[in-house]
Each structure stands twice: as structure tokens, then as C-alpha cells.
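Fold and contact review
Here are the chains, one letter per residue:
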Amino acid sequence: MIPVEMTTLVFYVNGKKVVDENVDPSLTLLQYLRNKLRLCGTKLGCGEGGCGACTIMVSKYDRSTQRVIHLPVNACLAPICSVHGMAVTTIEGIGSTKTKLHPAQERLAKAHGSQCGFCTPGIIMSMYTLIRSMNKFKMEDMEIAFQGNLCRCTGYRPIIEGYKTLTEDYELMHVANGLNNGKCKPMNGCAMGDQCCKLQKEDNSTGGLYSPSEWAPLDPSQEPIFPPELKLTDQYDSGSLYFKGKEVEWYRPTCLKDLLELKSKHPAAKIITGNTEVGVEVKFRHFVYPVLIQPSLIPEMTGWKDVGTGLNIGAAMTLWDIEHLLRDVISKSPKWKTRIFQAIVDMLHWFAGKQIRSVAAIGGNLMTGSPISDLNPILMAAIVELELQSKNGTRHVLMDETFFTGYRKNVVHNDEVLVSITIPYTQEHQYFYAHKQAKRRDDDIAIVNSAINVLIDPKDGTIANIDCAFGGMAPTTVLALKTREGLKGLPWNDPNTLDKAYQLLIEDLPLSPSAPGGMIQFRRALPLSFFFRTYLKISKELQGTIPGITISKRDESALDQFHYQIPKSSQYYEVAPDGQSKDDSVGRPVPHVSAFKQATGEAVYCDDIPYQENELYMAFIYSTKSHATLVDMDASEALQMEGVTGFLCAKDIDEHCNQVGPAIHDEEVFISKTVTSMGQVLGCIVAQDQTTAQRAARKVKVTYEDLQPVIISIEDAIKHKSYFPNMPKKMIQGDVDKVFKTAPHVIEGECRTGYQEHFYLETHCTLVVPKKEDDEYDVFTSSQHPSEINKLVAHVLNVPQNRIFTKVKRMGGGFGGKESRGAYVATAAAFAASKFNRPVRIMLDRDEDMASSGGRHPFLLRYKVGFTDEGRILGCDIQIYNNAGYSHDLSVAVVERAMFHFENAYKIPVARVLGYVCKTNLPTNTAFRGFGGPQGMFAGETMIREIADYLKKDVVELSRLNLYQEADITHYNQLLEFCTLGRCWDEALESSGYAQRKLDIEKFNRENRWKKRGISVVPTKFGIAFTLRFLNQAGALILIYQDGSVLLSHGGTEMGQGLHTKMIQVASKTLGIPISKIHITDTATDKVPNTSPTAASAGSDLNGMAVMNACLTINERLQPIKDRMPDASWEKIIQTAYIDQISLSCTGYYRTPELGYDWNTNTGKAFNYYTYGVAVSEVMIDCLTGDHQVLRSDIVMDLGSSLNPAIDVGQIEGGFVQGYGLFVLEEMMYSPTGFIFTRGPGAYKIPGFGDIPLEFNVSLLKGAPNPRAVYSSKAVGEPPLFLASSALFAIREAVKAARVDAGLPEAFKLDAPATCAKIRMGCQDHLTAKLDVPKPGTFTPWNVIP
Ligand SMILES: Cc1cc2nc3c(=O)[nH]c(=O)nc-3n(C[C@H](O)[C@H](O)[C@H](O)COP(=O)(O)OP(=O)(O)OC[C@H]3O[C@@H](n4cnc5c(N)ncnc54)[C@H](O)[C@@H]3O)c2cc1C
Ligand code: FES
Ligand code: FES
């Protein structure tokens, strides 16, 4: 028996001691915080360490240095027992609206860095930890601090700008510029004269959207102190620990002997340091590990020593500590000696995020043996020595080609523990480089990585030894043995050596065309690219030592990867005129009304609602087949589990009530007979808590009979004519066949856009509370469409709609994904609540949400276009297909919007547009910001470029030539009035300095072979209105109380877009009172009925007018009193009105006039007006790896007279970055049978902090009021998204430049997303030419394009 000193968990949370004598070691810290302590400020976004929403600070006392160490940690992966003896700080612990905000909270909120706010606590806690860990920090430190945080709303710029003000760089810049705390001295007093920051673009970072000078300064003396008890006594961090839960035991031994004893007793026990692998295995792969051993007190495993030939590093040393250690050693040693250490340090920068690196250990990475581990190629190419110990003794093994024995298997025995790793010093003529290419640079696992270790014989310049290790090319990390043998002894400086190396690498690294992970040719190309880059790097170092080595200037461009640079930005908008009343906030950059609550964790999201008495948790049983008959479901085993209340399926629900859907009822709450996609809901389990419910749901046995065909892609659907009824939709203007007969030129082409996952940070969530009488139910839901939830829940429960009270406080992002899809969660929860007459809650896990809820439709667009010699478009014939998935949902309306918008901003006088909605065996796709518009517009932009390529004309001139002008008529016969496209275009070109930069780019491209730049200009024109006419209506309710406070309700929901803020501004202006007197609590169907979804960018337009109308009615009623008492305060007027028996409540209503497009005649007004914009983007690509960086984006948008420029700029930036995800980064991976591989942030990459343009300038067109919307404003939610295609088209230009260098035809097809694989494979060169191409049809690919 090993000694046990403690069995009680003790730790501190926000200064309060938590003592738990009965802790369950299977819990994560996040579960403990949210479920047990009900500290709900810390959010669950993914549960796999990939989003940072759960970031908290863990502080511990280091007795050796007598310092408190603060670390950012993902609470979703940290086992609760791992914080024993430590202090945890959550967002609630650093500031509150009731007391005082911490500067980290205040600055983010005031800089408009919180939209939906779901990511906000996590981002603030990353920043807070940085502040607490470093006295002074630079932008670069901030960049590292945010590597592990994601935000789907803001586009990151305001967060970076807000926090920039805390950095040393900012201080230095402002001291240099004669500024004091962000305030410019008067012009004549500024030492910089013409260089004054006020005149410099880069210093217009706040753009007047806020004033940093007014923000509270950082004051370290105000920070909470580390709990003295944890400093004074070492009883918590020195003794052995043992916790026993129902299923899991947790040990923390104090010496290696005890640990080995334990391991011998429990050979299957897991050694846990960071739990970043094991945590994911347990949560998502449902592995069960009954015994966990924490090695944090074992000196041999946590320390390090210099052993002369290298460093011996404890296997449980964290990556963060290793990085610091190695940096220190590197700084004190000659460069040649520490080349492996340098490679590790460089690689660690790209390894996960800071939260993971703070806790994850080198031993965990090595022992997991992932084929895409980032450290294993380095450790293997360095052939490090591993010390393994068991109770029976010690072994030393080399980490060479024999170490891994299969996928995630190695030679270590079950009872053995990896104690330490000896990483050698390098010799004087030894060179070592490691590389990694991932989908996204920050916080992403590798597609392929490599480490190359070369020893040169200085006598003759030959290769004395070479070890090359690769990840991502086989089920294990591989050492290239043939390459080693074949290259030994060859002269380094000989082109034949390089050629031989490529050939040997190809032989060493065969990859089946069906290999898991896909991207086969790209992956085969990468090792050659990495080798070439390494060759050049080493050659550069050898220049001067080996005769004859030279590297051309053009080749030098291969040496560098993209590096961090401090981002710059500017925002321009029309400021409110001097004479505008101070109470009139319209046109002013008022912060989001919930920003402070979001920044302090006080904002309540659906899953933060307190537990209800008798509450149950619901978990779904999902289909695992794409097309099958549902033969049987057996829940008997699940029902026997302790804590399970019941099981429900289609048999429990009336057939009619089971039929649901947003427009057409072609879905079922629970599938009754035929499964038509994976991820459909077959039934549910309700139980005492989430873990029990989900575990029981997995025990339900489902029997299927497979059906054919299984239709996944649009091409499959075309082949099987699998369309929804009444296809194709047609829109015909003129006789296009006639045009083609006479047009001087006609070309044909096709393009496609991919699936996009909404990735709202808050997944679908509902809580249904039966109200015990009259069939009444409160439905709290995270939905953009409470009225539809109300209608469908009533239908499913077979009760009148007036018994269902649907309430939406706020959503943690929606983006269209919560317009119709929230219903499948809410209706099932309501049904379960009615069946068991108890409250029922469900919040989908990220993997469930991604695999079942659908997203943006993939599109295929095939076109034929006729044009003049000059390039003017004469006519176009286009077929537009979208992949709808298994049901209608909103797919017809989505294809319709693509049909309206396929021409983007170009006049196409004659058109035949056919739209097909393809029925496939995929989860049903749905609304997503832009609603088919961006996908349609992609055709217009692709066409214009193909015409330019064909005519060899400048695409910018050609675009301008075809750009719509005032009074033009669209292909659906709508007259363009107040068309500002030309103004936006000219201003964008001018302000971006397009003409000069194009010349600079051409020069750069001539001088650099392996990096290329490209620039593109993209306009957009987005029609504002729901294309379904009846949806263009809205209601509002205004209640004024005797103290003068106003409670406002309207039909729109708040999902971060600032709708409530804008509505309060509208009401404040119309009533003439300050915004502080107006409050919105939620969106509720018992206040405003029959509302439209908050969608189509129309939320402010519709609800704003309804709010305004309600206020105008109130004003009319109050006017006599105001006339009577012209100087009376608002409160006095209201009190008088009450005494005078004047009604102080009022509804407002609005419907958009004149709308009504007729599909039969192609006439009638489709849109109320258009929002216009233009973007200019410049990128740089790495031709060898397909990596890229957006160097600069300039956007000019016409938003009329902006209601709130801060919110509108935020929508533009957020929309642009989300669009960048669609067009460049995000890729959902499907198997040929419809299985979704990408189910979380680990595999599906949305843009991160490091992906935004290095320079990001946004300008709102001035002097363009819009007569068609509230207070002359314009809708903004969706229109900017398409502008991000400018990044894709700039990439296209860059790839074209690379192709010219390689002697290839310039023209090539670049579909969205323009991933690194497509960029690399577009830049064909001498390396890709060496790869044979597998014959299509001879293999089954791992993934297919839907
Ligand atoms: C969001 C996220 C991002 C990531 N990004 C990257 C990345 O960019 N690159 C990359 O390579 N990896 C990445 N990973 C994987 C993971 O973080 C690393 O593999 C990490 O180093 C694992 O360390 P750990 O201490 O958390 O392991 P744990 O989960 O604690 O343990 C992992 C496994 O190793 C075993 N083990 C640990 N120590 C020993 C020992 N001393 N002796 C015997 N067995 C032992 C454990 O029993 C367990 O089976 C990422 C993971 C997450 C969640
Ligand atoms: S919830 Fe923990 S990182 Fe996403
Ligand atoms: S504000 Fe960041 S995810 Fe919404």
C-alpha cells in the first residue's frame, strides 16, 4: 500500500476556500464551477480545449522560487483534482458591475470587443492572466495569450485594439508621438508636427469609437491576493492524495517508487499531467479510465538536469516550462549547440494555445503517439533517449524507427512509466530544422510536420548523417530510412543530391490515395517542400564555409515562414453633428448595452438559468446511418441505469404532432420509419444529469436496414435527379440564347463554395418548464425565432399557442444557425417536459451540434456568359445548385437569394437563372449570414475574372465597366435608386492606394520566387428584405412606468449584433429621453406575438420602425401635456399623464411597403433597398506550403446614416472575418457515406486572432442617408460577409503569379474555400511535378466534397 495523507479536496475559488470531502475525480473543473458552485460566468464552448471560452486562471505557489505562478487554463479539460492546493480565479473574481470592473473587463467592453459575449469571459481571463504574470508585456505576448481563444462575432480587431492600450508597445509609441495616455496634445504642441498620430492612419486605431484616456489605469495593488494559507503551509502541495469516486480513483503519489508501485498494481492506470489528450478521449470518445495518477510531485518527472551530452527533461514537465528552460539555455550557449532546442522552442509557438501549453506535458505528447504530434518528429529526428521505469527496473530506449509499433502504440510496457527524455546538444556542424503546416497557423494540429537533422562533414562538405522524421504521412511518426542511407556521403552542394533526396523521400513516405485525413497530393508535396526549405536554410548557413554555395535572391523567399506583426487598423465614420442633443444617441458609438455584464460574466445565457426544482436533463439518440429503415430501438439497458427517468421515441408521439419543419413539415421530432441522414434524432433519454443522460443514450441499441442510394454530393443529386419538388426555380430576363448567338465572346465555367459551420460559441440550448396548470409552458431557448418555437412547440404538444411562452434573453451567437434549427431541440425538450411533467434542459455538446444541426449550403454554380470585346457582359445562363440535406428547411429561399444575387454588383441585362435545391443524405442545411447571397455572388466575381483572363484585360477595369450605376435595372427588374456602388468603388481604390500597390506587388513578385503577393477588389450589393413578403413586418410594445422608466419589447432577438442597443437608441431619440431610462429584458412571445425571425439583416429596419411607431404614438398622447408644461422633466410628464388617465403602454407595428416580387412574371419589388460596399485585399502566399497571410484589407461601406457606428463597424469586421472563414479557411470534411469528420474546433478551423488582416481599415461612406429605413440607416448584418472573398481572389492573383514563374498557364480554378492545400497545389512546381497522380476511380477517397 502506498501512503495516503489526504482524501479531502481543498482549493480556492475567487478567494473563497472550497473543501470537498467527497469529490468525484471524474469531474472537470468546468463542471465543478458551473454545476456545483454555479459560477456560470465561465462558459462551455467546445469541451475540448479548442475555443478558450472556459479559460480561467490557476495560481500556485512555487516554493523553490517563492513566487506565485499564474497560468491560463482550459477549465473544460482540467480535472477538478488537479487544482488541489491551488487558487482558481474566474471572471466573477476580478470585477463586477455591482462593484468595479477590472481594466481587462472595462477595456474590452468599452472598445466594443464583446458582441454576443459568449467568448468574452474566456478572452478576458487570458488577458487577465497575462497581466498578472508579467509586469510589462508587448503585443507579441498578447498574441501568444490569445492563441487559444476564439470569437465568432467581432473579427478580433476591437479586442486587440482595446487591449493594445495596455501594452508596452502602445506606451512607447505614444511617448514617442508626444501623447499621454492616448490623448493627443494640441496640434501646435505636438512634437511630431506632420507626423502627429492624429494624422497617421495607424494611430487612428480607436477611430473615435472610444477614448482610451478615460479608461481606468491598471493598478496591480488592487489585484486580489494569493490565499495566504496556500503560501504558509505546504500541506496541500506536498502530501500524497487519494480521491475515490464512483468510477474513477485519483492518486497523487509523492515519490517515484510509490508511483511505480501503483502502476504495477494498476497497469491500465493513466498518468495524467495536462489531461489534454485523456480529457478529450473521455469526453468525446467515451473512454473510461478508472485509475488516474498525477505525477506532479515526482522530482524525477518534473525536473531537469544537464547531463553533459544534452538536457534530461522530466516527462511531466509542461510545455510552458520547457519553453522557458530551453530559451534560457539557448541564451547562454553557442548557437550551434542548441539547434534542437531552438527547433523545439520554434515549434512550441505553433503548438496548441497557451492554455494547453501551460498544463500539457512533453511525456503526454510523446506517449500518446499521435501521428501528427508536433514534438515527436523533432524527438525522433534527434533520436532522443527515453528513460522508462517500472517496479522491475529501468530501461533506456532510443526514440528511433522502432519506437512506435502502430497507430498510437509504442514499445513502452503497460507497467512502465516514461520518466525522462534526454535531448542531445547539437555538434558544431550539425543543423536541425522543424516545420509544420496546418489548416490554421495558430492553435491547430499539423497536416504534415517534419524535423530534419543533418550532420555535415566540414572536411569535404558531404552529408555525414541525415535523419528526417515526418508526421502526418503514416499512422505513426516516421523516420525516413532510405533517405538517410541514400544521402549519406553525398555532397551537400550538388543539385543531384537534392533531386535524389526528393526521390528517396517519395519512396520513404508513400501515401495511399484513400489515406485518412485526405488532401493526399498536398500531403505528399509537403515533405518535399519542407526538405527544399531546410536545404536552402542550411545552405545559407553554409555559405562561406563550403565553396560554391550560393542562394539566389529569388530563392531566399523560400526561407521564412510568416511571422507575427503588430496589426494596424482604422475606422472612419460620420460623427454626429455638433448641434445634436446629448440625449440623442443615434449616430453615436454607444457600447453594446450588455457589454459590461458580458465582460463580468453576469450576462445570463440559456444554460446559465438557475436549476429548476425537479429538473431533468435530456440527451438525444442520433442516427448513425445516412439512409436506412429504422427497424428497432431497444432502450431496456439504458432504462435500468441509475438516475435515468425515461426514454421517448416516435412511438410516444402522435403522428401528426411528430411532423415539424419551419415552412413545410417534412421533418420529425423523432424519426419514425426512415432515417435520411446521420445525426437525425431518433429518440431521447431523460435523466438526472447530463452525464447520465448521455451515457444512457449511448446504450440504446438501434437496428437499421440499409437503404440505397446514399446521396452526399451535389453531383450525386444531379445524377439521381434528387431535387425537392417544383425545381428548378426560374428567373428569366430576355432571351439569353439569342444573346449567345450574337455575342462576340461566350465562355462557360463553374465554381463552388463549401459548407460552413455556424460555430456560434453557444450551442443549441433549451429549458422547458411546465407551469402545472392550463397546459402552460415557459420555453427558454437560444433561438433567433421565438415565434416559430412557440408555434412548433404548441403543435407538438397539441395545445393553443397562447399557452407557450417562448423567451429569449440573448444568444451566444446565431448567424442564421438558430433561425429554424433551434426547433429540433426545443420541440423534443418540450415534448419530454410534457410527458414527465418536469422541467427539461438540454444544451448540445459541440460535436452533437456540428454533426446534427446543419450549416451553410454548399453550392455549385454552372454558367455560360456572353460579352463584348471590351468585356461588357451581355447575358448569362446560370444553373445554381445547393446541397440542402435531408429536408426543406429554408433551402428554397436560400437558393432564391442566390438567384437574386448571382450577378453580385454587375449589370447583366439578359439572364436565365435556374435554381435547384438538391435533396441529399446529409444533415439539413439552413440559414447562414448572407442566406445564399454570398454563394450566388461568388459566381459573378468568378465570371468577371474569367472574362478578364480570357480577354487579357485588367480585372479592375473590367469590373468598373460592368458595375451597376444609378437607375440600372437588375435581372429581376428592380430599379436601382441611390446606388452608391461607384462611390464606394472609387473611394476604396483611392484610400487603399490600389494603383501604386499593384505596381509594388508586381515588383515583389518579380523579385521573389517562393512568396507571391496578390491584390483584388471586390464590390457587393446586398438586397435588404425577406424574400417572403409576409415576413417583412414587426411589432413592438412599450410600457412606461410612473417613475418614468421605460420597458421596451420588440420582436427581434439579441445575438450579439447589438439590436437591443440600437432599439434603445431609436426609442431614446424618438421619445427624447436618455438611453439610461430605457430597458429591454428579453424577447418574449407573450409580449410581441407573431414575430419574424431576426434575420435577413432586417432586424433593425423592421423592429426599429415598429419601436419608432410605438414611441410616436406615445409622443402624440403626451404632446398636450408637453405643450402645457414645456419645461417639465420626463418624469413629471409621465406622472402627469398617469394622473390625467393617459395610457402609458402602446404597441407599434410596421410592415415594409411596396414589396412583392412575382416569380411568374419576374416583376415586382424584391428588396426595399440595397447595402453596398467594396473591399480591397492584399495577401501574400507561401508557394511551398500553401500558407498565406492577409496583409491588408480596406473596406468602404454605405450604411446610410449609421444608427451606431461602433456596432456597425463591428458588424462589418465580424462579417468580413466570418466571410474569410467561408472563402479561405473553413472546411467541413465528409466521408463518402456522409459521416462528418469535423466535429469540433480541433478539426474545424474558424479564423483566430492571428488570421485577421495585418492592416484592417473600415470606412463608412459619408453623406449617403437612406430614405428607406429607420433614421436613414441601412442594414448591415449580412452585406459585408461577401467582401471577404477579396482575400480569395487576391490569393488567386498570387497563385497566378507563381504559375507564371513555373511556366504554367496563368488561369486556374479556385473554388471556396481557398485552403492551403488548394493554394499549394495551384502553385505547381518542380516538386509537385515529381508526384504521380492516382487515377480517379481506382480508389475510394477518404473524404468527398458535398
Ligand atoms: C486544443 C488542443 C490543441 C492541441 N494542439 C496540439 C498541437 O498543436 N500539437 C500537438 O502535437 N499536440 C496538440 N495537442 C495534443 C496534446 O495537447 C498534447 O499531446 C499534450 O502534450 C499532451 O500532454 P498532457 O500532459 O495533456 O497529456 P495527458 O492527457 O495527461 O496524457 C496523455 C497520454 O500520455 C500518457 N502519459 C503521459 N505521461 C506519461 C508518462 N510519463 N509515462 C507514461 N505515459 C504517460 C497518459 O497516460 C495518456 O495516455 C492538442 C490538444 C488539445 C486539446
Ligand atoms: S470550452 Fe474549454 S476550450 Fe472550449
Ligand atoms: S462576441 Fe465573441 S463569440 Fe460572440
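This text gives an overview of the structure that appears in the document. Given the structure is predicted, the values throughout are model-derived calculations rather than measurements.

This part covers the environment of Tyr-972. Relative to the assigned elements, Tyr-972 resides in the loop between helix H32 (955-962) and helix H33 (981-992). Distance in space between the C-alpha atoms of Tyr-972 and Arg-395 is 77 Å, their sequence separation being 577 residues. Other than its neighbours up to four places away in sequence, Tyr-972 contacts Met-731, Phe-900, Glu-903, Lys-1021, Tyr-1157, Asn-1162, Gly-1164, Ala-1166, Phe-1167 and Tyr-1170. A distance of 2.8 Å separates polar atoms of two side chains, one belonging to Tyr-972 and the other to Tyr-1170.

This part is about the pairing of strand S36 (residues 859-867). The buried count for S36 comes to seven of nine residues, which makes it a mostly enclosed element. Sheet analysis places strand S31 (residues 745-753) next to S36, joined by nine bridges and oriented antiparallel. If you follow His-745 over to S36, its bridge partner there is Phe-867. Sheet topology places S36 next to strand S37 (residues 873-885); nine bridges connect them, and they run antiparallel. For Arg-862, the partnering residue across the bridge sits in S37 and is Gln-879.

Moving on: the side chain of His-70. Along the chain, His-70 falls in strand S4 (residues 67-74). Judged by relative accessible area, which is 12%, His-70 ranks as buried. Reaching out from His-70, the side chain makes a polar contact with the side chain of Ser-59 at a distance of 2.8 Å. The contact partners of His-70, leaving out residues within four places of it in the chain, are Met-57, Val-58, Ser-59, Thr-129, Arg-132 and Ser-133.

On to the sheet that holds strand S38 (residues 910-919). Strands sit in the order S30-S38-S37-S36-S31 across an open sheet of five strands; the sheet is mixed. Looking at strand neighbours, the two that pair on one side only are strand S30 (729-733) and S31, the edges of this open sheet. Ignoring which end each strand starts from, the neighbouring axes of this sheet average 10° apart. In terms of strand pairing, S37 meets S38 through ten bridges, oriented parallel. Counted as the bridge partner of Gln-879 is Leu-914 from S38.

Reading the values: rules and limits
- Residues numbered from 1 in each chain as written.
- Chains lettered and ligands numbered in written order.
- Predicted model: local features only at pLDDT ≥ 70, side-chain atom pairs only at ≥ 80, totals over all residues.
- Heavy atoms only, no water.
- Helix = DSSP H or I, 4+ residues; strand = E, 2+ residues; numbered from the N terminus.
- Contact = heavy atoms within 4.5 Å.
- Polar contact = N/O pair within 3.5 Å; in protein donor to acceptor, adjacent residues only side chain to side chain.
- Buried < 20%, exposed > 50% of the residue type's maximum accessible area, 1.4 Å probe, protein only.
- Pairing = 2+ DSSP bridges.
- Axes fitted to C-alpha atoms, helices over the stretch in contact; angles between N-to-C directions.

Remember, this is a structural readout, not a statement about activity or role.
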